[in-house]
Amino acid sequence: MLGLRKILSVPVILLLASLKFCRPQPRFHIWTTDTDHSPENGTLLRCGPTSTPRIYQHPCRPEVAIHCNGYAYLKLSLNNEVLEALQIPEGLRQNGGFSEVAEPFLFCNDLVFFVLGTDLVYYDLANGSFTRVPDAATNVQTSCCCSGWCEIVDDLLVFWRIDLIRQRPYFHFSDDGGMSFHRRHITLPDSVTGYIESAQFLHSHESLALLMRTGSDQARFYYYSYGSKGGGLDGLDINVDGALHTTLLKDGCCEMLLWDDENIVYSADGGQAFIPVDELSESDSQAVFTYSYQERPFEILTNGGDTFAVLTHGGDLFLGKAGISPSLFKVSDFSVSPSAAYQLSPEGYMAAWSSTNMSQSSTDQRIFISSEILYPLEDYAHACKHQSLTIDQPDIVHYLDIGMTMTLNVKYLPEPWMEDNFIVSVGNPDILRVQTNLSVGDMVDKGVRETILMVGVSLVASGLPMGQRESARGMSSVIVSTLDPDPMCMASTSKTTHIVAGCPSNKNVRIRRTSPVTDCESMKNHIYTIPREVHDPYFGQAGTEVHWPDREITYDYWKLGCPHKTYHGFPYKPILELYEDDTFLEVIAADYVLIEAYGVHNYDFSQTAEMAGCLSTPQSWPFMLSAQEDTIEPHTAWTRENYVSCFSNGGNDDFHLSQPYQVLSNNTDNQIIFSQYNGIYIFNVTVVDPDYSFCQLRTQYAVEVFGGFPESGLPPMNIILYICGFGLVLLAVFYVVDILFLRNKEDQFENTKDSFPY
């Protein structure tokens, strides 16, 4: 009996337990692949003599599928057609070994992956070539997407050798759709004693869910983080009867079905808790769905949503719906054919693909393949408890940055006189928090009122202490489900919105203008010269023996606009503003740094480490630039990834209190002090506080400094001596003028007075 020591079987909010990962450094190994473009005269690709016909659907292009019926075939169109069996080139066979291939066939973009012998092989749909990845493989899993919410996720692929996983505990990962692979070592739990039954990518947790045997009748999930967190976490024990299988309802999401030789269970949180799937009888009674070994499922099909179909070895077909109360029903007038392959389409119908051999020759394995639409699900539709369930933009990935919130509007239209009941599930509660508010609208029909559920979504990161917010970054989902358990209800019973705690692409930084903008048409194609004495193209990292000439710069008016003007004698600090597209959000109060783009260095900062109150050595541009190993790149030298505040870690750190403090913020008094220099500065500005935003907030702008006295070519002492000498000369001149001119005037006046007539 498939079950857990802790099974969730009542309608409660499903919340995935927090996955706390350690951070080991993965071991990487990259190799090249062998390609053969000449499959002619090769060996027919067989799928095993007892293989059940299967359809393996391309996730992006519905016209491309695999049909496996003793041999393997590629179908490249929706039309009925004659297909040639795939032939494996002799060069890809292992020393003349067998050509039988292990299912499944997995698509990723233009490639089809499968295991041949003990090698991973892929077929290129674009040029018809086969490529072998030369390393041991028995199992492969992919997660590739081209539309909808999963477009933001890398095309992932993993393969491993199942029989050697204990002796060689590593997997081969690819994040570019199979173009290159990296070896990742995995430290498996001691409880794992057997094989890995299956592997599924869960993008909402950046993890690979490995279903592992821990005993003859027990298994458990092990969640390996393929993202930046690294490490892994054990799941709960699962009681197993026979073989164990998994099927994801939605690629990369956390909803899945598990089944063994006795029953089926549903998990909404990636295998952390399970609910048994019930069978709904014709009398509308429900009981846990169980079956015998002879009647066990051989395949479970999904439509990319909450609908699934179960095909059994006994020839029965069951249709079901996942959710808080998952259930299914038997299609009584249908028998599964052992010679046909079946497909459940997103539009809600079953299709059967059948084939006819074109020849009786053992060397001619051409088949004619045709499809037929069978039993649209609408034929079994029952009256639902609701008419419709809608949510805002369900197929768009929403990005939330630190401090941001959003509200999801869910509209629910019940059937007349029916109640409205909801379950709100969070895919990863380590990332998202939700609050709900329910309101009832106006009457739209007799006994029908529209119900509006407002789901407020916020980030866990926004409430974490400083320095810990980066740990709550990632992707999660909010699932709103109705309590309508009837699998024959064709109206949508759940809606999912995918939310990323990360950087919205439309966030940008601008510099507030503190002075009026004057006409600066003259700056178009303006060329100015930076004297060699005031700039260093190596930003102080090349040594004093290196010399460089003056530098001419063409002002980029179309990028920088008019420069900000400031008087050289005034302390200066830019005011950073945060925008979303062209909408102003707030003034940025976080720490930021700036550096002149061309290495101009004739400015300083008003505060030292002591004046700023630092508790440890503050970071500086010389230190951050010298820490770069291979290049001098100020754009990446000092960012939110490597910023450490000098106020956050006190101690006995020995540092110079007079060291300049080069971090700016609207919360501090630190400012820029310009020298006696008239010219243009092009500043690169970077917000370095990691707790302010998940984004790399950067901008570039220009400052024109004016009012500085022209620099003299004479030494200051010479100037003083010249001024003093010139002053003495003036005094001497005044003295001589006084003696020779003023006294002569006095004598003339006396003579005139004596001769005045009385």
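What counts, and at which threshold
- Residues numbered from 1 in each chain as written.
- Predicted model: local features only at pLDDT ≥ 70, side-chain atom pairs only at ≥ 80, totals over all residues.
- Heavy atoms only, no water.
- Helix = DSSP H or I, 4+ residues; strand = E, 2+ residues; numbered from the N terminus.
- Buried < 20%, exposed > 50% of the residue type's maximum accessible area, 1.4 Å probe, protein only.
- Contact = heavy atoms within 4.5 Å.
- Areas by Shrake-Rupley, 256 points an atom, 1.4 Å probe, with all protein chains shown as cover.
- Pairing = 2+ DSSP bridges.
- Disulfide = S-S within 2.5 Å.
- Phe/Tyr/Trp six-rings, centres within 6.5 Å; stacked < 30°, edge-to-face > 60°.
- Core = buried A, V, L, I, M, F, W, Y, C linked by side-chain atoms within 4.5 Å.
- Salt bridge = Lys/Arg side-chain N within 4 Å of Asp/Glu carboxyl O.
- Axes fitted to C-alpha atoms, helices over the stretch in contact; angles between N-to-C directions.
- pLDDT = per-residue confidence, 0-100.
- Patch = residues over 30% accessible without salt bridge, like charges linked within 9 Å, V, L, I, M, F, W, Y side chains within 5 Å.
- Polar contact = N/O pair within 3.5 Å; in protein donor to acceptor, adjacent residues only side chain to side chain.

**Q** What is the right way to read the overall build of the protein from this model?
**A** In terms of helices and strands, the protein carries 5 helices and 52 strands. The buried share of the protein, taken over its 758 residues, is 50%. Long-range pairs, those at least 24 residues apart, make up 63% of the contacts in the protein between residues at least 6 apart in sequence. Counting only carbon and sulfur atoms, one obtains 52% of the accessible surface of the protein, whose full area is about 36,700 Å².

**Q** I keep staring at the pairing of strand E10 (residues 111-116) and nothing clicks. Help me out?
**A** Successive residues of a regular strand alternate their side chains across the two faces of the sheet. Burial runs high along E10: 6 of the 6 residues are buried. Burial of E10 is two-sided: the residues Leu111, Phe113 and Val115 facing one way and the residues Val112, Phe114 and Leu116 facing the other way are all buried. The pairing of E10 with strand E11 (residues 119-124) spans 6 bridges and is antiparallel. Bridge pairing in E11 places phenylalanine 113 opposite tyrosine 122. With antiparallel pairing between neighbouring strands as the criterion, E10 and E11 make up a hairpin whose turn holds 2 residues, including glycine 117 at a positive phi of roughly 65°.

**Q** Explanation requested: the state of the cysteines in the structure shown.
**A** In total, this model carries 3 disulfides according to the counting rule given. A sulfur-sulfur distance of 2.0 Å marks the disulfide that ties cysteine 503 to cysteine 695. In this structure the cystine formed by cysteine 503 and cysteine 695 twists about its S-S bond by roughly 105°; its chirality is therefore right-handed. Of the two residues, cysteine 503 is situated in the loop between strand E41 (494-501) and strand E42 (507-511) and cysteine 695 in the loop between strand E51 (679-687) and strand E52 (698-706); the sequence distance between them amounts to 192 residues.

**Q** I keep staring at the pairing of strand E48 (residues 592-596) and nothing clicks. Help me out?
**A** Most of E48 is tucked away, with 5 of its 5 residues classed as buried. In E48, alternate side chains face the same way, and those of Tyr592, Leu594 and Glu596 on one face and Val593 and Ile595 on the other are all buried. As paired strands, E48 and E51 are joined by 5 bridges and run antiparallel to one another. Following the sheet pairing, glutamate 596 is matched in E51 by phenylalanine 683.

**Q** I would appreciate a short explanation of the packing of aromatic side chains in the present structure.
**A** Pairs of aromatic rings are described using the distance from one ring centre to the other and the angle between the two planes. One pass over the structure, following the stated rule, counts 23 aromatic pairs. When the centroid spacing of 6.1 Å and the interplanar angle of 40° are considered together, the rings of phenylalanine 683 and tyrosine 701 count as tilted. Residue phenylalanine 683 is found in strand E51, and its partner tyrosine 701 is found in strand E52; the two are separated by 18 residues along the sequence. Considered together, phenylalanine 683 and tyrosine 701 belong to a single accessibility category, that of buried residues. Through pairs of rings, three or more aromatic residues link up here, namely Tyr572, Tyr603, Phe605, Phe674, Tyr677, Tyr681, Phe683 and Tyr701.

**Q** Can you walk me through the nonpolar core in this structure?
**A** Soluble, globular proteins show a tendency: their nonpolar side chains are buried together. If you look at the biggest cluster of nonpolar residues, it comprises 56 residues, and the most contacted ones within it are Tyr555 and Phe674. Counting residues per element, this core draws most heavily on E51, which supplies 6 residues. Setting aside its immediate chain neighbours within four residues, phenylalanine 674 contacts Thr566, His568, Tyr572, Asn602, Tyr603, Tyr681, Phe683, Val703 and Val705. Formed by 25 residues, the second largest nonpolar core is a distinct cluster that contains Val424, Leu432, Ala461 and Ala501.

**Q** Can you help me understand the pattern of salt bridges in this one?
**A** Two side chains of opposite charge can pair, provided their charged atoms sit close to one another. Applying the stated rule across the entire model yields 9 salt bridges. Two residues, lysine 330 and aspartate 316, come together in a salt bridge whose shortest N-O distance is 3.6 Å. Residue lysine 330 is located in strand E30 (residues 327-330), and its partner aspartate 316 is located in the loop between strand E28 (307-312) and strand E29 (317-321); the two are separated by 14 residues in the primary sequence. Its relative accessible area of 17% is what places aspartate 316 among the buried residues. Each of Glu470, Arg473, Arg640 and Glu641 takes part in salt bridges that share partners, so that together they form one network.

**Q** Got a minute to help me understand the sheet that holds strand E26 (residues 286-288) in this structure?
**A** Strand pairing within a sheet occurs via backbone hydrogen bonds; the two strands may be parallel or antiparallel. On the basis of which strands lie adjacent, the open sheet formed by 6 strands has the order E26-E25-E30-E29-E28-E27 and mixed pairing. Across the chains shown, the open sheet's two edge strands, defined by having one partner strand only, are E26 and strand E27 (297-302). Adjacent strand axes in the sheet meet at a mean angle of 30° when their direction is disregarded. Two elements, E28 and E29, share 5 bridges in a ladder whose sense is antiparallel. For threonine 307, the partnering residue across the bridge sits in E29 and is lysine 321.

**Q** Just to check I follow, could you spell out the confidence of the model for the protein for this structure?
**A** For the protein, the average pLDDT comes to 76, and 73% of its residues sit at 70 or higher. In this model residues 4-44 is a low-confidence stretch, pLDDT under 50, and it forms 124 contacts with partners more than four residues away in sequence or in other chains.

**Q** Any chance you could explain a nonpolar patch on the surface here in plain terms?
**A** Taken together, the side chains of Tyr567, Phe570 and Phe706 make up a nonpolar region of the molecular surface, amounting to roughly 300 Å² of accessible area. Assignment of secondary structure puts phenylalanine 570 in the loop between strand E45 (564-567) and strand E46 (576-580). Using a relative accessible area of 52% as the deciding quantity, one classes phenylalanine 570 as exposed.

**Q** Would you explain the sheet that holds strand E13 (residues 139-143) in this entry?
**A** Strand order in this open sheet of 4 strands is E13-E14-E15-E16, and the pairing throughout is antiparallel. Where the open sheet ends on each side, the last strands, each with one partner, are E13 and strand E16 (182-185). Strand-to-strand twist of the sheet, defined as the mean angle between neighbouring strand axes without regard to direction, takes the value 25°. Of the strand pairs in this sheet, E13 and strand E14 (residues 156-160) are connected by 5 bridges, and their pairing is antiparallel. By the bridge assignment, glutamine 141 is partnered in E14 with valine 158.

**Q** Sorry if this is basic, but what is going on with the side chain of arginine 640 here?
**A** When you line up the elements, arginine 640 lands in the loop between helix H4 (634-637) and strand E50 (672-674). A distance of 2.9 Å separates polar atoms of two side chains, one belonging to arginine 640 and the other to glutamate 470. A distance of 2.8 Å separates the side chain of arginine 640 from the backbone oxygen of serine 693, its partner in a polar contact. Leave out the neighbours within four places in its chain, and arginine 640 touches Glu470, Arg473, Val687, Val688, Pro690, Ser693, Phe694, Cys695 and Gln696.

**Q** In this structure, what is going on with the environment of alanine 612? I would like to understand it.
**A** Within the element layout of this structure, alanine 612 appears in helix H2 (residues 609-612). Taking the C-alpha atoms as reference points, alanine 612 and valine 663, separated by 51 residues in sequence, lie 9.7 Å from one another. When residues no more than four places from it in sequence are discounted, the contact partners of alanine 612 are Gln607, Phe647 and Tyr661.

**Q** Hey, could you run me through the environment of asparagine 666 in this one?
**A** Within the element layout of this structure, asparagine 666 appears in the loop between H4 and E50. According to the relative accessible area criterion, asparagine 666 is partly exposed, its value standing at 28%. Those residues within four positions of asparagine 666 in sequence are excluded, and the remaining contacts are Lys573, Pro574, Ile575, Val587, Ile588 and Ala589. At a separation of 3.1 Å, a polar atom in the side chain of asparagine 666 contacts the main-chain carbonyl oxygen of isoleucine 588.

**Q** Is there a simple way to explain unusual backbone geometry in this structure?
**A** Glycine aside, a negative phi is what most residues show, and trans is what most peptide bonds show. The phi angle at asparagine 109 is positive, at roughly 60°, despite the residue not being glycine. Relative to the elements of secondary structure, asparagine 109 occurs in the loop between strand E9 (101-108) and E10. Of note, aspartate 581 is a non-glycine position whose phi angle comes to about 60°, a positive value.

**Q** Honestly, the environment of serine 675 in this entry has me stumped. Any pointers?
**A** You can see serine 675 is positioned in the loop between E50 and E51. Taking the C-alpha atoms as reference points, serine 675 and valine 705, separated by 30 residues in sequence, lie 9.4 Å from one another. Excluding residues within four positions of it along the chain, serine 675 makes contact with His568 and Asn602. Here asparagine 602 takes part through its backbone oxygen, which lies 2.9 Å from a polar atom of the side chain of serine 675.

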